[in-house]
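If you want the building blocks of each chain, they are given just below.
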Amino acid sequence: MAERSQTAPEAGSDMGNDDAIGGNVSKYVVLPTGYCGQPKKGHLIFDACFESGNLGRVDQVSEFEFDLFIRPDTCNPRFRVWFNFTVENVKESQVREIVDPFSVVLRVIFNIVNFSKTKSLYRDGMAPMVKSTSRPKWTQQICPPWMIFTLCCLESSCPGKCGTQTRQRLPPKNVYYYRCPDHRKNYVMSFAFCFDREEDIYQFAYCYPYTYTRFQHYLDSLQKRNMDYFFREQLGQSVQQRQLDLLTITSPDNLREGAEQKVVFITGRVHPGETPSSFVCQGIIDFLISQHPIARVLREHLVFKIAPMLNPDGVYLGNYRCSLMGFDLNRHWLDPSPWAHPTLHGVKQLIIQMYNDPKTSLEFYIDIHAHSTMMNGFMYGNIFEDEERFQRQAVFPKLLCQNAEDFSYSSTSFNRDAVKAGTGRRFLGGLLDHTSYCYTLEVSFYSYTIGGTTAAVPYTEEAYMKLGRNVARTFLDYYRLNPMVEKVAIPMPRLRPGAEPEASGEMRPAGDTASLAYRRCSAADLINITV
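Residues numbered from 1 in each chain as written. Predicted model: local features only at pLDDT ≥ 70, side-chain atom pairs only at ≥ 80, totals over all residues. Heavy atoms only, no water.

Named according to an unreviewed UniProt entry, the protein is Cytosolic carboxypeptidase 6 isoform X2 originating from Bos indicus. The Catalytic activity (unreviewed entry) field of the UniProt record for the protein holds the comment "(L-glutamyl)(n+1)-gamma-L-glutamyl-L-glutamyl-[protein] + H2O = (L-glutamyl)(n)-gamma-L-glutamyl-L-glutamyl-[protein] + L-glutamate". For the record of the protein, the UniProt heading Subcellular location (unreviewed entry) holds the text "Cytoplasm, Cytosol". (UniProt positions renumbered as here; feature names shortened; annotations may be inferred.)

Right, dumping it as structure tokens:
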């Protein structure tokens, strides 16, 4: 790497402080030192002024090297992890130069210089996401070890003839994570990249983005289907007046006045930069509203309440952990403010209302997160004085481990750390009675391992959603509803009164599934569960 320019802001100066970063760069043109005049081709343009974008500052080190600064979470400078920005206006000399048919000369190095975390999966092979306007999917291919990565490797015309093995991130050999004395001893992630098309706009991100707008479009599309077992309501609004959506997925019979309800409550995106949470949550929703026989049985016997996006302001703004006002909402469950934490306050009030309803049994609370230093999916649970209750809560994670190849029971742990006292899992675990179980479901930002191997398999959007589907399916095993699946025929979806059906000839269940008894797994069942 080139030495830092003498004109660049020095560490500790006002310009060098993270506190000086007040917003995202907006079509920021990087001009060489001493240059006067209109920008030319090759003067890179950086932009993060779009939904969920994050890039606070750009310093040019040399023609082909740039220091990039993450914008801290709004009103909270402690958290600097999520980034999401575009680069355009590259020129031919910055584009890959073919030396021979099997080698490419690298042209650009980006250093993200102010990460707030000391540990990172970047040391274990994780790399930034990248796509471009002509190749809009977050998918790439693995290059041979002698070749510098470029998006051209997607194409059959690639001079390196990389092969067909797909991946979702830059090759690890082009990524370095280290502590840098030039940047106040902050941690730096440097990655090398070669722009291969002058006309393209390139986008780089920490993980697969999942925006508030995408989420709203997804829910709108479900609502238009008029399914009689899918209900969407606005539970409240955020500080910036964005919707707090609550979904209810169950048979209409379970919502009749006076009907007893067994409720599974699921939340996600309380930490806005943990985008895998939304993909897992979508996987759960997609499965539960499907016509799969297992989904039908689950809807007949359980009520699923899902609040998929607890921090819509933070998601929209491109924060990593905090809300608009700089609060880590997952530390405020004990006493959420209706004006400072309105979404959290609304969810808590609903849960307390259900808890006080004698007809409602709140059986599960699962809060979905993503983890920046560990592999696989895993869970956190609570510790109880009652040994039998403590053992019972291990049943669901063990069953999930059997259903999901990427879920690790060995990484699952049960604790009552004081620092986690304000989390949903800890607070509700202390509030609810002995029949309720509260978990945090974590999934890696990067990868998982299979069958005891050490080889990392990078997560894709589909793999995250598959984990969600497996979470939903596990409730069938937990409630011992498996015999009922064999008695359920696959029907056409039932519609609300007045809605036009897409097809006729609705099939009926082959048997009266409601008459079959079922029970939850107990601690004694642990002896029959192998992990």
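Anyway, onward from the coordinates.
J.: How would you sum up the sheet that holds strand β2 (residues 45–47)? Please name residues and give values.
T.: Spatially, the five strands line up as an open sheet ordered β1-β2-β5-β14-β9, and their pairing is antiparallel. Both outer strands of the open sheet, β1 (28–29) and β9 (129–132), are each paired with one neighbouring strand and no more. One ladder, built from three bridges, connects β2 with strand β5 (residues 84–88); its direction is antiparallel. Looking at β5, one finds that D47 is bridged to T86. (Pairing = 2+ DSSP bridges. Helix = DSSP H or I, 4+ residues; strand = E, 2+ residues; numbered from the N terminus.)

J.: Requested: an account of the packing of helix α7 (residues 395–403) against helix α9 (residues 461–478), with residues and values cited.
T.: Packed helices, taken two at a time, are described by the angle between their axes plus the distance between the axes. Packing of α7 against α9 brings their axes to within 9 Å, and their N-to-C directions diverge by 120°. With respect to α9, the element α7 is oriented oblique. The crossing of α7 and α9 is right-handed. On α9, the residues touching V395, F396, L399, L400 and N403 of α7 are N470, V471, R473, T474, F475, D477 and Y478. Across the contact of α7 with α9, the residue classes break down as seven nonpolar, three polar and two charged. (Axes fitted to C-alpha atoms, helices over the stretch in contact; angles between N-to-C directions. Parallel < 35°, antiparallel > 145°, perpendicular 65-115°, else oblique. Left-handed = near helix turned anticlockwise from the far one by under 90°. Contact = heavy atoms within 4.5 Å. Nonpolar A, V, L, I, M, F, W, Y, C, P; charged D, E, K, R; others polar.)

J.: For the sheet that holds strand β12 (residues 175–179), give the residues involved together with the corresponding values.
T.: Taken together, five strands build an open sheet; the order of strands is β3-β4-β8-β13-β12 and the sheet is mixed. Because the sheet does not close on itself, it has two edges, and the strands there are β3 (57–62) and β12. Across this sheet, the average inter-strand angle for adjacent strands is 20°, counted without regard to direction. Sheet topology note: the strand β8 (residues 108–115)/strand β13 (residues 187–193) ladder contains six bridges and is antiparallel. Bridge assignment links I112 to a residue of β13, and that residue is M189.

J.: How would you sum up the UniProt feature "active site" (unreviewed entry) in the protein? Please name residues and give values.
T.: In the numbering used here, UniProt assigns the feature "active site" (unreviewed entry) to E442. Positionally, E442 belongs in strand β22 (residues 437–444). The class of E442 is buried, set by a relative accessible area of 8%. Those residues in contact with E442 that sit more than four places away from it in its chain are H369, A370, H371, N376, G377, F378 and Y380. (Buried < 20%, exposed > 50% of the residue type's maximum accessible area, 1.4 Å probe, protein only.)

J.: Account for the nonpolar core, naming residues and giving values.
T.: Within the largest apolar cluster, 109 residues are counted, with the highest numbers of intra-cluster contacts made by F46 and F475. For this core, the element with the highest residue contribution is α9, accounting for nine residues. V263, I351, L362 and C438 belong to the second-largest nonpolar core, a separate cluster that totals 21 residues. (Core = buried A, V, L, I, M, F, W, Y, C linked by side-chain atoms within 4.5 Å.)

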